[in-house]
Structures are given as structure tokens and as C-alpha cells.
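# Report on the structure
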Amino acid sequence: RFGTIYLRHEGVAEMLGERAAQFREVLARLGGREEWGLNIYVERARLREEVTRLSARLREMAERADASAPGQAYLLRKKIEGLRDEEARAETRRVAREVEELLAAACDGATRLRVLKDEATEQGELAARLAFLVRRDAFGDFRAAAERLADQYTPLGFRFELTGPWPAYNFAVV
């Protein structure tokens with residue numbers, strides 16, 4: 001365990017002897033690989049505007065509002081405004097899940113990391129933080145896949161930040 005203190009060298013030697021097979025297995029699994037992080041940011045205002053175009057339910061309501069009498073149109077537009085946030089949150093979850101699944105297929109491991117509530121930077125609100133275990137010799141393909149996804153989702157208000165390489169901390173479970 002992290003932070004374990006051994007008072008004698010013999011204690012360390014004993015632990016290493018007992019767990020040698022586990023350590024070798026982890027080192028073999030991580031050999032030739034690096035951890036890469038992907039932060040997905042979302043510009044909420046932009047996504048809220050785009051989600052009306054993306055959501056069949058909101059598109060239909062907007063069409064009904066355009067064809068309705070002024071009073072009913074007003075009520076429908078108010079309802080659309082209320083549903084936009086709900087749809088934007090659903091779209092954010094969908095995009096994060098899709099990106100994780102597609103990039104996981106291009107590497108040897110993937111994990112979703114914790115995002116602190118309301119974590120934001122100049123890039124926007126942090127929607128997801130992912131970690132991937134990538135073979136060094138396959139990084140070009142992984143990066144190309146991430147760039148294609150970034151190109152696909154940038155118009156909706158998403159921004160991707162690829163970070164690394166890092167030691168394979170999130171994958172070094174013994």
C-alpha cells in the first residue's frame with residue numbers, strides 16, 4: 001500500500017518476495033505503454049444553442065411553436081428553454097461516453113477519473129477526465145482518433161485537451 005513503512009530491510013525483502021509475481025505481471029502489462037489523459041471541456045452556452053438543433057424533441061417543439069398562436073408559442077418556447085439544460089447535460093454525458101468507448105478501442109486500457117463539481121478553466125467547464133493506457137508504438141493512431149473526435153465535437157462547444165505522457169499511475173494496480 002502507498003505510504004507503508006518498513007522498519008527493517010528484511011520486511012521489504014519479504015514483501016517483495018511474496019508479491020514478486022504480481023509485480024512482474026504489472027510491469028509486463030505496462031511495458032512499452034504510457035498513460036495519456038484526455039480532458040473534455042464544454043462551453044455550456046454554445047452547447048445549449050446547438051442542442052436545439054440536435055434534439056428531435058426540441059426541434060419538434062420549436063416547429064410547433066413557430067406554427068402556433070402567439071400565446072401557445074410563448075408557452076412552448078418557455079418549455080423549450082427549460083428542456084435545453086436537460087438536453088445539454090444528456091448530450092454531454094453521451095459525448096463523454098462515446099469518446100471513452102471509441103478511444104478505449106484504440107488502446108490497452110481506459111478509465112474515467114473523478115471530476116470535481118463545477119471544475120472550470122479558461123477552456124470551459126470540465127465535463128469528463130479520462131485516462132488511457134497507450135502502447136508507445138500506437139500513439140500516432142490514438143492521437144489521430146482523438147483529433148478526429150475533437151474535430152467532430154468542437155462545433156457543438158466541446159474542447160479536448162490531450163495530456164501526457166504520464167507514468168501509468170491509473171493502471172498500476174497490484
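In this report, we go over the structure that sits alongside the text.

Quick notes on the rules
- Residues numbered from 1 in each chain as written.
- Predicted model: local features only at pLDDT ≥ 70, side-chain atom pairs only at ≥ 80, totals over all residues.
- Heavy atoms only, no water.
- Helix = DSSP H or I, 4+ residues; strand = E, 2+ residues; numbered from the N terminus.
- Rg over C-alpha atoms; globule rule 2.2 N^0.38 Å.
- Buried < 20%, exposed > 50% of the residue type's maximum accessible area, 1.4 Å probe, protein only.
- Areas by Shrake-Rupley, 256 points an atom, 1.4 Å probe, with all protein chains shown as cover.
- Lys, Arg positive; Asp, Glu negative; His and termini not counted.
- Charge placed at Lys NZ, Arg CZ, Asp CG, Glu CD.
- Core = buried A, V, L, I, M, F, W, Y, C linked by side-chain atoms within 4.5 Å.
- Contact = heavy atoms within 4.5 Å.
- Patch = residues over 30% accessible without salt bridge, like charges linked within 9 Å, V, L, I, M, F, W, Y side chains within 5 Å.
- Salt bridge = Lys/Arg side-chain N within 4 Å of Asp/Glu carboxyl O.
- Phe/Tyr/Trp six-rings, centres within 6.5 Å; stacked < 30°, edge-to-face > 60°.
- Polar contact = N/O pair within 3.5 Å; in protein donor to acceptor, adjacent residues only side chain to side chain.

## Looking at the overall build of the protein chain
Each helix and strand in the protein chain was counted, giving 6 helices and 5 strands. Taken over the C-alpha trace, the protein chain has a radius of gyration of 23 Å; the compact-globule value for 174 residues is 16 Å, which it surpasses by more than 25%. By principal-axis analysis of the C-alpha atoms, the protein chain measures approximately 85 × 35 × 25 Å. For the protein chain, the residues scored as buried account for 34% of the 174 residues in total. For the protein chain, the computed accessible surface area is about 11200 Å², with 52% contributed by carbon and sulfur atoms. Side chains of the protein chain carry 30 positive and 30 negative charges; the gap between the two charge centres is 3 Å.

## What about the nonpolar core?
Counting 25 residues, the largest nonpolar core has V99, L103, F158 and F160 as its most contacted members. By residue number, the principal contributor to this core is helix α6 (residues 139-153), which donates 7 residues. Setting aside chain neighbours within four positions, we find F158 in contact with I40, Y41, V42, L47, E91, T92, V95 and Y153. In this structure, L58, L76, I80 and L83 belong to the second largest nonpolar core, which totals 7 residues.

## Some thoughts on a nonpolar patch on the surface
A cluster of nonpolar side chains, namely Y6, V12 and L16, defines an oily patch on the protein surface of about 230 Å² accessible area. Assignment of secondary structure puts L16 in helix α1 (residues 9-18). Judged by its relative accessible area of 41%, L16 falls in the partly exposed class.

## A look at the packing of aromatic side chains
The tally for this structure, following the rule as stated, stands at 4 aromatic pairs. Between W36 and F139, the aromatic rings sit 4.1 Å apart at their centres with planes inclined by 20°, giving stacked as the arrangement. Of this pair, W36 sits in strand β1 (residues 33-42) while F139 sits in helix α6, placing them 103 residues apart in sequence. Here W36 and F139 have matching classes, each one buried. Relative to F142, the ring of F132 has its centre 5.3 Å away and its plane inclined at 55°; by these criteria the two rings are tilted. Note that F132 is positioned in strand β4 (residues 124-135) and F142 in helix α6, a separation of 10 residues in sequence. Both residues of the pair, F132 and F142, belong to the buried class.

## Things to note about the environment of R129
Note that R129 resides in strand β4. On a C-alpha basis, the gap between R129 and Y6 in space is 35 Å, while along the polypeptide they are 123 residues apart. A polar contact is formed between the side chain of R129 and the side chain of N39, at a distance of 3.4 Å.

## Digging into the side chain of S55
Turning to its location among the elements, S55 is positioned in the loop between α3 (44-54) and α4 (56-67). There is a polar contact of 3.1 Å between the side chain of S55 and the backbone nitrogen of L58. There is a polar contact of 3.4 Å between the side chain of S55 and the side chain of E87.

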